[in-house]
Amino acid sequence: MQLAQAAAPTSFIDNIGGNFPALLLYTGKLLLPFNLSVMPTTADGTLVYGLIALVFFVLAFLFTKTKISQPILFGLIWFLLFLLPVLLIPKASAFYYEHRLYLPIIGMLMVFVNLSLVSKRTENLFSQLLVALIVIFGITSFLYSQNFSNKFRFWENAVNASPNAVYPNKVLAAIYKEEKKPELAQQYYEKTLLLNPSELAIRNDLAVI
């Protein structure tokens, strides 16, 4: 029996370089959660929302004339500290699950709470915007939660949002095979082979169908 080989130190460096865009992906979903996926990837995601979020954060500090205080600095460090482990995700399983934002987002809430609103009018405007966001995000969350209602909704969302990811296509094909839907199973098995021709087990399942 062969023992599993330890990961080479260089693999960690490769992971960091390959996963770095995920920080921007997460930053975008923090403020603009409109490109949600049960199994998101950077290849099929968009970094535009991340850039927009960064611009918003900079403008928020400039517009409110907020200085970097200890609570704000603590919040920023909290956000980055709990998000940085994303950089170590192995390439083979590079899915950037959105629930990884649950802990880092606490840091950004600390930052927003400590923004210095320059006037009563600005404070009222900020409060109205906050209420609107709560309503919009609440509706979005309810609709998005339907993707977890059953295995078909879950894996179909994974494939639709990350069409170039091998694993979701392979699993969805296997589900359709188990559910006696050979035409759909064949479709996703063939797509899996196009994405990764070395999937020998997929060839076997496709031959069975």
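Look a little higher up for the structure.
Keep in mind the model is a prediction, meaning the values are calculated, not measured.

**Q** Quick question: what am I supposed to make of the layout of surface pockets here?
**A** Unfilled space is identified by rolling a water-sized probe across the atoms. Considering only enclosed or pocket space, the largest pocket measures out at about 1000 Å³ in volume. Lining the largest pocket are 29 residues, and of these Lys29, Leu30, Pro33, Ile105 and Phe137 sit closest to its centre. Only helix H1 (9-31), helix H4 (104-113) and helix H5 (120-145) provide two or more residues apiece to the lining of the largest pocket. Among the elements that take part in the lining of the largest pocket, H5 stands out by supplying ten residues, more than any other. Among the residues forming the lining of the largest pocket, the class breakdown is 22 nonpolar, five polar and two charged. Estimates place the volume of the second largest pocket at around 270 Å³. Along the wall of the second largest pocket there are 14 residues; nearest its centre are Leu54, Phe57, Leu76, Phe79 and Leu80. For the lining of the second largest pocket, the secondary structure elements donating two or more residues are H1, helix H2 (48-64) and helix H3 (70-83). Along the lines of polarity and charge, the residues of the lining of the second largest pocket split into 13 nonpolar, one polar and no charged.

**Q** Would you mind showing me how to read helix H6 (residues 151-161) here?
**A** For an α-helix, 3.6 residues make a turn, and residues three or four places apart therefore share a direction. Three or more residues of H6 are buried, namely Trp155, Asn157, Ala158 and Val159. The inward-facing, buried residues of H6 contact helix H7 (166-178) and helix H8 (182-195). Taking the backbone nitrogen of phenylalanine 152 as reference, a side-chain oxygen 3.0 Å away marks asparagine 150 as the first, capping residue of H6.

**Q** Looking at this structure, how should I read the packing of aromatic side chains?
**A** Within the structure shown, the criterion is met by 14 aromatic pairs. Summarising the aromatic geometry, the rings of phenylalanine 154 and tryptophan 155 are spaced 5.1 Å apart at their centres and angled 75° between planes, so their arrangement reads as edge-to-face. In this arrangement the basic side chain of lysine 181 is found over the ring face of phenylalanine 152, its NZ or CZ atom lying 5.1 Å from the centre.

**Q** I'm lost on the packing of H3 against H4 in this one. Help?
**A** Angle between the axes and distance between the axes: these two values describe a pair of packed helices. Put simply, H3 and H4 touch, their axes get as near as 7 Å, and they point 165° apart. Considered as vectors, H3 and H4 are oriented roughly antiparallel to each other. Crossing handedness for the pair H3 and H4: left-handed. Contacts between H3 and H4 pair Pro71, Ile72, Phe74, Gly75, Leu76, Trp78, Phe79, Phe82 and Leu83 from the former with Pro104, Ile106, Gly107, Met108, Met110 and Val111 from the latter.

Calculation criteria
Residues numbered from 1 in each chain as written. Predicted model: local features only at pLDDT ≥ 70, side-chain atom pairs only at ≥ 80, totals over all residues. Heavy atoms only, no water. 1 Å grid on protein atoms, 1.4 Å probe; cavity = no way out; pocket = protein on both sides within 12 Å on 5 of 7 lines; lining within 4 Å. Points joined across faces, edges and corners; volume = space filled by probe spheres on them. Helix = DSSP H or I, 4+ residues; strand = E, 2+ residues; numbered from the N terminus. Nonpolar A, V, L, I, M, F, W, Y, C, P; charged D, E, K, R; others polar. Buried < 20%, exposed > 50% of the residue type's maximum accessible area, 1.4 Å probe, protein only. Contact = heavy atoms within 4.5 Å. Polar contact = N/O pair within 3.5 Å; in protein donor to acceptor, adjacent residues only side chain to side chain. Phe/Tyr/Trp six-rings, centres within 6.5 Å; stacked < 30°, edge-to-face > 60°. Lys NZ or Arg CZ within 6 Å of the ring centre and 35° of its normal. Axes fitted to C-alpha atoms, helices over the stretch in contact; angles between N-to-C directions. Parallel < 35°, antiparallel > 145°, perpendicular 65-115°, else oblique. Left-handed = near helix turned anticlockwise from the far one by under 90°.

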